[in-house]
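Observations on the model geometry
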Amino acid sequence: MIMNNKIIVNILGCGTSAGVPSIISGWGSVDKNNPKNHRLRCVITMKTHDSHILVDCGPDLKQQLFEYSQNNNLDFDAIFLTHQHADHIHGIDELRWVCTRNNRDLKVYASKSIFDSIIKRFEYAFTPLPKGVDFYFKPVLQPIEIKDKIKINNSEFIVIEQHHGKIKSYGYRYKDFAYCTDVVDFDDTEFEKLKGVKTLIIDCLRIQEHKTHAHLEKVKYWVSKLNPDMAYLTHMDNTMDYEDLLNQLPDNIRPAYDGLEITV
Ligand SMILES: [Zn+2]
Ligand SMILES: [Zn+2]
């Protein structure tokens, strides 16, 4: 039973697009013996008193949903997408099993530009089942375009538009919690929407600056402006060692890790 103003967030992946380890640079400079440095591609779930949301469907989704389903059911009301990059979308076929589990199509919330990109790439998943077919041999997704807010049952989520290189990505806020991955900058009006958050999950690719992702100094600056109780770093690459970071970060910033559950 979740109280009205609470949210439970599960981090199923907090790795960069290559994951950690990556195919070509392996473990980089992280300690591979620490499981907190094993990072699948970015996916989270959010549970409020009356809604259950999956955010993104990257290439590791099968493993993530299998592990999550050991302690949670997969009765998602909707999936929210942050943007169209492959590391956030290319597990889309696994949503077939969510449709099968719930025996219904899955509602997908995203911007027009995200749909323009992914419906072209995955048209089959946005096509209804043929007449007379009563089982999900593929995912069936119903696209719903986002505006400023999304209402799922009686839970209201605020949509935050973010700069992510050449494209826009989207963050999502529910009461005192916000999730902002794949972001290099915010317009002032969008940053305003994050004021007052107590728990923030924020993109932090690496220590060095990057063109499309926030780096550690930038995250520290944002955190100093927002002053949340806790900011968790996500989308980290294989230079971001968990223990090293923990030792050098201020008290209200911590690296996330796969399997972390947060109640806000
Ligand atoms: Zn990404
Ligand atoms: Zn991206």
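If you're wondering where the values come from, they're calculated on a predicted model, not measured in any experiment. (Residues numbered from 1 in each chain as written. Chains lettered and ligands numbered in written order. Predicted model: local features only at pLDDT ≥ 70, side-chain atom pairs only at ≥ 80, totals over all residues. Heavy atoms only, no water.)

On to the environment of Leu200, then. Examined against the element boundaries, Leu200 turns out to sit in strand S11 (residues 199-203). Take Leu200: its relative accessible area is 1%, and that puts it in the buried class. C-alpha separation for the pair Leu200 and Ala178, spaced 22 residues apart in sequence, amounts to 5.0 Å. Not counting residues within four places of it along the chain, the set of residues in contact with Leu200 comprises Ala178, Cys180, Leu194, Leu226, Met230, Ala231 and Tyr232. (Helix = DSSP H or I, 4+ residues; strand = E, 2+ residues; numbered from the N terminus. Buried < 20%, exposed > 50% of the residue type's maximum accessible area, 1.4 Å probe, protein only. Contact = heavy atoms within 4.5 Å.)

In this section: the coordination of the zinc ion (ligand 2). Distances from the zinc ion (ligand 2) to its protein donors, His83 (NE2), His85 (ND1), His164 (NE2) and Asp182 (OD), fall at 2.1 to 2.3 Å. Coordination geometry of the zinc ion (ligand 2): the four donor atoms subtend angles of 91 to 175° at the metal centre, consistent with an arrangement described as irregular. Sequence spacing of the donor residues for the zinc ion (ligand 2), all on one chain, is H-x1-H-x78-H-x17-D. A distance of 3.4 Å spans the gap from the zinc ion (ligand 2) to the zinc ion (ligand 1), which Asp182 bridges by coordinating each metal. In this pair, His85 sits in the loop between strand S4 (78-80) and helix H2 (86-89) while Asp182 sits in the loop between strand S10 (177-180) and helix H5 (188-192), placing the two residues 97 residues apart along the sequence. For His85, a relative accessible area of 31% puts it in the partly exposed group. Judged by relative accessible area, Asp182 falls into the buried class, the value being 1%. (Donors = N, O, S within 2.8 Å, 3.2 Å for Na, K, Ca; no water. Tetrahedral: all angles 85-135°; square planar, octahedral: opposite > 155°, others 65-115°.)

Another point: the nonpolar core. With 81 residues, the main nonpolar core has Phe80, Leu95 and Leu233 as its most contacted residues. For this core, the leading source of residues is helix H6 (residues 216-226), giving five residues. Aside from chain neighbours lying at most four places away, what touches Leu233 is Ile202, Cys204, Leu216, Val219, Met240, Leu249, Ile253, Arg254, Pro255 and Ala256. (Core = buried A, V, L, I, M, F, W, Y, C linked by side-chain atoms within 4.5 Å.)

Here the focus is the coordination of the zinc ion (ligand 1). Octahedral six-donor coordination of a metal ideally yields angles of 90 or 180 degrees, compared with 109.5 degrees for tetrahedral four-donor coordination. Surrounding the zinc ion (ligand 1) are the protein donor atoms Asp87 (OD), His88 (NE2), Asp182 (OD) and His235 (NE2), which sit 2.1 to 2.3 Å from the metal. Bound by four donor atoms, the zinc ion (ligand 1) shows angles of 92 to 164° at the metal and therefore irregular coordination geometry.

Turning to the sheet that holds strand S12 (residues 230-234), a few remarks are in order. Taken together, the seven strands give an open sheet; going across it, the order is S7-S8-S9-S10-S11-S12-S13, and neighbouring strands pair in mixed fashion. Pairing within the sheet leaves two strands with one partner each, and these edge strands are strand S7 (149-152) and strand S13 (253-255). With direction set aside, neighbouring strand axes in the sheet form an average angle of 25°. Direction of pairing for S11 relative to S12: parallel, over a ladder of five bridges. If you follow Ile202 over to S12, its bridge partner there is Leu233. Packing of H6 onto the sheet brings it into contact with S11, S12 and S13, and relative to S11 it is tilted by some 155°. (Pairing = 2+ DSSP bridges. Axes fitted to C-alpha atoms, helices over the stretch in contact; angles between N-to-C directions.)

Here we take up H6. Turning to H6, its buried residues are Leu216, Val219, Trp222, Val223 and Leu226. Projection of H6 onto a plane perpendicular to its axis shows the buried side chains occupying an angular sector of 120°, all on one side. Opposite the packed face of H6, turned more than 90 degrees from it, sit the exposed residues Glu217 and Ser224. The positive-phi residue at the C-terminal boundary of H6 is Asn227, with phi of around 50°. (Arc of directions from axis to C-beta.)

Before going further, it helps to examine the sheet that holds S4. Across the sheet, seven strands lie side by side as S6-S5-S4-S3-S2-S1-S14; this open sheet has mixed pairing. Because the sheet does not close on itself, it has two edges, and the strands there are strand S6 (141-145) and strand S14 (261-263). Taken pair by pair, the neighbouring strands of this sheet meet at an average axis angle of 25°, ignoring direction. In this structure, strand S1 (residues 8-13) lies alongside strand S2 (residues 43-47), joined through five bridges in antiparallel fashion.

Everything listed here is a matter of coordinates, which is why it stays silent on function.
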